[in-house]
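Descriptive analysis of the structure
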Amino acid sequence: MKAKKNLFCLLITVLLSLSISASQLEQMGGAGLATVTGLDAVLYNPAAVTGLTERYVGGSYSYTGSTLIAIGYLEPGFSERYNPQITNYRLAGGLTWVRDAADLYKNKYYYTVGFCTKPVYGGINLIYKHDKNRADAFSLDVAIGTRLFDKLTTTLAVENLINWVFSRNDALGNVPHIRLGLTYEAFQGFMASLDASTRLQNKANLSLGAAYSLKSFTFRGGIGLLFDFEEEKVKTRPGLGISYKKTTDSKGAFDLDLALSYIDGQIGHSASFGYTFN
């Protein structure tokens, strides 16, 4: 009976092509925002770093028309002292370097802080932006989330909420990117996600997703709808991904994530890796 249930969940995940691989969250539409992990938590939902229980170091690479590379270190902070029976407060954070070929500022350095006061948790990114052809700049991302009924996780994240630039002659070229994510754990191992986002420029994304975990593997697939109200067009972004996590004898854990996506005749791809340790 259990084997049939596992096979049924896997078939639903693959046939419906619903969820998004974490390392392709932005490029493939955004499903799964509320439960991203690793460096994707920094890039898309800084509130999610409060889910850290151990130190994490990793990197990621993704390509969909342009290349994005990230390398970072995340720290659970006071999580070893966190006991919800004593206090509802905890702190986490990290440092991350991002090289984004599509951004006006090619190099970005993230300082991330997450805080938790159950059942609400949040996080911020303070980002230093540098490019040899522009004046240096800072920006601020914020995110807030909550877990309801132990099954439903919701997140509101705003990228580029505030921007500073050291030269008035340079335009920032960035507008706020607002994301809303909901993830529901139907039963153990199976999660469904619904996400929406907009850059407030007559464009919006709507994504639907699901992920199924089986032992050390997690299978993901997804589809995002991109609405261009100005040109009256709708584009689709399907994607599939798989991740693997292996615990070592030293009680650390390796993880690897691979993903593919498709849009406008181009095949996007991504890979991320990480190591969790005490």
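Analysis parameters
Residues numbered from 1 in each chain as written. Predicted model: local features only at pLDDT ≥ 70, side-chain atom pairs only at ≥ 80, totals over all residues. Heavy atoms only, no water. Helix = DSSP H or I, 4+ residues; strand = E, 2+ residues; numbered from the N terminus. Buried < 20%, exposed > 50% of the residue type's maximum accessible area, 1.4 Å probe, protein only. Contact = heavy atoms within 4.5 Å. Areas by Shrake-Rupley, 256 points an atom, 1.4 Å probe, with all protein chains shown as cover. Pairing = 2+ DSSP bridges. Core = buried A, V, L, I, M, F, W, Y, C linked by side-chain atoms within 4.5 Å. Phe/Tyr/Trp six-rings, centres within 6.5 Å; stacked < 30°, edge-to-face > 60°.

1. Examining the overall build of the chain
When you go through the chain residue by residue, the secondary structure sums to two helices and 14 strands. A buried classification covers 45% of the 278 residues belonging to the chain. For the chain, contacts bridging at least 24 residues in sequence account for 48% of all contacts bridging at least 6. Within the structure as shown, the chain displays about 14,800 Å² of accessible surface, and the carbon and sulfur contribution to it stands at 62%.

2. A word on the pairing of strand E9 (residues 190-198)
In this sheet, E9 lies alongside strand E8 (residues 177-187) in antiparallel orientation, the contact comprising nine bridges. In the sheet register, Ile178 faces E9, and the bridge partner there is Thr198. Joining the antiparallel neighbours E8 and E9 is a turn of two residues, in which Gly189 adopts a positive phi near 95 degrees. Both E9 and strand E10 (residues 203-214) contribute to a ladder of nine bridges, which runs antiparallel. In the sheet register, Met191 faces E10, and the bridge partner there is Ala211.

3. Quick word on the nonpolar core
Proteins that are soluble and globular tend to have nonpolar side chains buried together. Counting residues in each nonpolar core, the largest one holds 18 residues, and the members touching the most others are Leu43, Val49, Leu52, Leu74, Val98 and Tyr110. Taken together, the elements giving at least two residues each to this core come down to helix H2 (39-44), strand E2 (67-75) and strand E3 (89-100). A total of five residues in this core trace back to one element, the largest contributor, which is H2. Residue contacts for Val98: discarding those within four places in its chain leaves Leu43, Leu68, Ile69, Ala70, Lys106, Asn107, Lys108 and Tyr110. Listed in part, the five residues of the second largest apolar core include Cys116, Tyr121, Ala143 and Ala157.

4. A closer look at the packing of aromatic side chains
Throughout the structure, instances matching the rule amount to eight aromatic pairs. Each ring, one from Phe187 and one from Phe190, has its centre 5.6 Å from the other, and the planes form 20 degrees; the classification is stacked. Through pairs of rings, three or more aromatic residues link up here, namely Tyr109, Tyr128 and Phe138.

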